[in-house]
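A structural walkthrough
The chain contents come next:
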Amino acid sequence: MQTAAAVADFRTYPLISALNGVQNLADRVLIEWADGRVSPFHHVWLRDNCPCPQCVYSVTREQVFEIIDAAPDLTPSAVHIDTDGCLRIDWQDDHLSRFDAGWLRAHAYDDESRAERLAAKPKPFLWRGDLQLPVFDYAALMNDNAALLQWLLAVRDIGLTQVRGVPTEPGSLKLIAQRISFIRESNFGVLFNVQSKADADSNAYTAFNLPLHTDLPTRELQPGLQFLHCLVNDAEGGESIFVDGFAIAEALRQEDPASFKALCEIPVEFRNKDRHSDYRCLAPIIALDALGRVAEIRMANFLRGAFDTSVEQMPLLYRAYRRFIAMTREPRFRVMQRLNPGELWCFDNRRTLHARNAFDPATGARHFQGCYIDRDELLSRILVLQR
């Protein structure tokens, strides 16, 4: 007979409402909360999520129990609220489970609780050409975790930020990027230099304009964050242009649902190759998450292969593609600003499309450095800072 059970979790869940009553039914336990809400928990779910040391390794806090090892018809022999206000379940196979009330409420899956969790999830702030650009100070971000958290929340929710006061020595970008996490290396290096050069292996390394795009759409997973740090910018032209791809996608969903649907469903191949690499990815231009929300934009006309879809879909795809590009050119969506030495852009590369006006290298030097960090690292850093 098991004599003790512990609640094993490395997060703290506040006690929103205490357990007020419990009822054991044929296939579930019915919890009544002190605030009047009622939450059912199926027996199989409760057994699967037992937090005791036999089921969860206390060092890693990772589950070691697999539900297949419990009888499919396992039911409690006793259910009650213990003196600590926890739900205690004695199972028919002599296993004991004990659930903290805060944890149970945080994971309740009745309709009201699930709706609350969905409403509490961070939502992107959709912006247009009148965006009040979020600007942050380099020294504060390097020395103050509270300031760092505010910056990262802006990157997550708005998808476009600027940092000022950054040292202009080559390689300085690495220090602030690593305040978030490790840098994602690509075939362009850990840090890449954005300069005009004769043997360019990307249009970015020329002086002519770059249309609005996301970087590395040729990869299965596009980089989440992109940094562009200005070291020198004496050349005429070269202004940065941004649009919120999520805002354009949502406007397209409302204004032209058929085109929106086509860009979500018809895959397009993106290609990039040089002497040493050959990258290709087939994916829709607009990706949705499990809840149907826009989660990613994949776009770079200069890296796009020939469309390959059915005869019936080809006109629809071209119509939708033309409409999307036309919308990126509309002033209502565009933010344009010149980046000065000691400033950097940090933006969500899977959301915010960026472009560059042509510049004249005969009028002065222009040297930017850039790097990438995956979106997962941003979200992880935010959660750690919020603990």
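Only a predicted model underlies this, so the values are computations on that prediction, with no experimental measurement involved.

**Observations concerning the layout of surface pockets**
Put simply, the largest pocket is a space of about 1,500 Å³. If you trace the largest pocket, you find 41 residues lining it, with Ala 120, Lys 121, Pro 122, Arg 156 and Arg 293 closest to the centre. Contributing elements (two or more residues each) for the lining of the largest pocket: helix H2 (101-107), helix H3 (111-120), helix H5 (145-157), helix H7 (245-255), strand S19 (294-297) and helix H10 (375-386). Sorting elements by how many residues they give to the lining of the largest pocket places H10 first, with eight residues.

**What about the packing of helix H8 (residues 257-265) against helix H9 (residues 314-328)?**
Viewed as axis vectors pointing N to C, H8 and H9 meet at an angle of 105°, and their least axial separation amounts to 9 Å. With respect to H9, the axis of H8 lies roughly perpendicular. The residues of H9 that touch H8, namely those facing Ala 258, Ser 259, Ala 262 and Leu 263, are Leu 316, Leu 317, Arg 319, Ala 320, Tyr 321 and Phe 324. Here the residues of the contact of H8 with H9 sort into eight nonpolar, one polar and one charged.

**A word on the sheet that holds strand S7 (residues 87-91)**
Taken together, the three strands give an open sheet; going across it, the order is S6-S7-S8, and neighbouring strands pair in antiparallel fashion. Edge positions in the sheet fall to strand S6 (76-81) and strand S8 (96-99), since each of these pairs with one other strand and no more. Sheet twist, expressed as the mean angle between neighbouring strand axes with direction ignored, is 15°.

**Side note on the pattern of salt bridges**
Counted by the stated rule, this structure contains 24 salt bridges. The partner of Arg 98 in a salt bridge is Asp 82, with the nearest N and O atoms 2.7 Å apart. With Arg 98 in strand S8 and Asp 82 in the loop between S6 and S7, this pair connects stretches of sequence that are 16 residues apart. You can call Asp 82 buried: its relative accessible area is 16%. Asp 244 is the salt-bridge partner of Arg 351, the closest N and O atoms lying 2.7 Å from each other. Taken together, the residues span a long stretch of sequence, with Arg 351 in the loop between strand S21 (343-348) and strand S22 (352-356) and Asp 244 in strand S15 (residues 240-244) at a distance of 107 residues. Across this residue pair, the class does not change: Arg 351 and Asp 244 are buried.

**A few points about the UniProt feature "domain: Gamma-butyrobetaine hydroxylase-like N-terminal" (unreviewed entry) in the protein**
As annotated by UniProt and renumbered to match this structure, "domain: Gamma-butyrobetaine hydroxylase-like N-terminal" (unreviewed entry) occupies residues 27-105. Annotation note: span residues 27-105, helix share 14%, strand share 38%, distance between end C-alpha atoms 19 Å.

**Thoughts on the side chain of His 367**
Secondary-structure assignment places His 367 in strand S24 (residues 366-373). His 367 has contacts with Asn 193, Val 194, Gln 195, His 229, Cys 230, Leu 231 and Val 232, leaving out every residue within four places of it along the chain.

**Structural notes on the nonpolar core**
Ranked by size, the top nonpolar core spans 45 residues in total, and within it Trp 151, Leu 152, Val 163, Ile 176, Leu 225, Phe 227 and Leu 344 carry the most contacts. Per element, the largest residue contribution to this core is eight residues, and it comes from H5. Setting aside chain neighbours within four positions, we find Trp 151 in contact with Phe 136, Leu 141, Thr 161, Val 163, Ile 176, Ile 180, Phe 227 and Cys 346. Val 243, Ala 251, Tyr 321 and Met 327 belong to the second-largest nonpolar core, a separate cluster that totals 30 residues.

**Here's the deal with the packing of aromatic side chains**
Enumeration over the complete set of coordinates arrives at eleven aromatic pairs. Taking 5.8 Å as the distance between ring centres and 90° as the angle between the ring planes, the aromatic pair formed by Phe 41 and Tyr 109 counts as edge-to-face. Here Phe 41 is found in strand S3 (residues 38-42), whereas its partner Tyr 109 is found in the loop between H2 and H3, with 68 residues between them in sequence. Taking the relative accessible area as the measure of exposure, Phe 41 reaches 0% and is therefore buried. Here the aromatic rings of Phe 192 and Tyr 372 are separated by 5.1 Å at their centres, their planes lie at 35°, and the arrangement is tilted. Of the two residues, Phe 192 is situated in strand S11 (residues 192-194) and Tyr 372 in strand S24; the sequence distance between them amounts to 180 residues. A connected cluster of aromatic rings, assembled from ring pairs, spans Phe 41, Trp 45, Phe 99, Trp 103 and Tyr 109. Sitting over the face of the ring of Trp 33, Arg 105 holds its NZ or CZ atom 5.1 Å from the ring centroid. Its guanidinium or amino end placed over the ring of Phe 359, Arg 366 lies 4.9 Å from that ring's centre, counting from NZ or CZ.

Rules used in this analysis
- Residues numbered from 1 in each chain as written.
- Predicted model: local features only at pLDDT ≥ 70, side-chain atom pairs only at ≥ 80, totals over all residues.
- Heavy atoms only, no water.
- 1 Å grid on protein atoms, 1.4 Å probe; cavity = no way out; pocket = protein on both sides within 12 Å on 5 of 7 lines; lining within 4 Å.
- Points joined across faces, edges and corners; volume = space filled by probe spheres on them.
- Helix = DSSP H or I, 4+ residues; strand = E, 2+ residues; numbered from the N terminus.
- Axes fitted to C-alpha atoms, helices over the stretch in contact; angles between N-to-C directions.
- Parallel < 35°, antiparallel > 145°, perpendicular 65-115°, else oblique.
- Contact = heavy atoms within 4.5 Å.
- Nonpolar A, V, L, I, M, F, W, Y, C, P; charged D, E, K, R; others polar.
- Pairing = 2+ DSSP bridges.
- Salt bridge = Lys/Arg side-chain N within 4 Å of Asp/Glu carboxyl O.
- Buried < 20%, exposed > 50% of the residue type's maximum accessible area, 1.4 Å probe, protein only.
- UniProt positions renumbered as here; feature names shortened; annotations may be inferred.
- Core = buried A, V, L, I, M, F, W, Y, C linked by side-chain atoms within 4.5 Å.
- Phe/Tyr/Trp six-rings, centres within 6.5 Å; stacked < 30°, edge-to-face > 60°.
- Lys NZ or Arg CZ within 6 Å of the ring centre and 35° of its normal.

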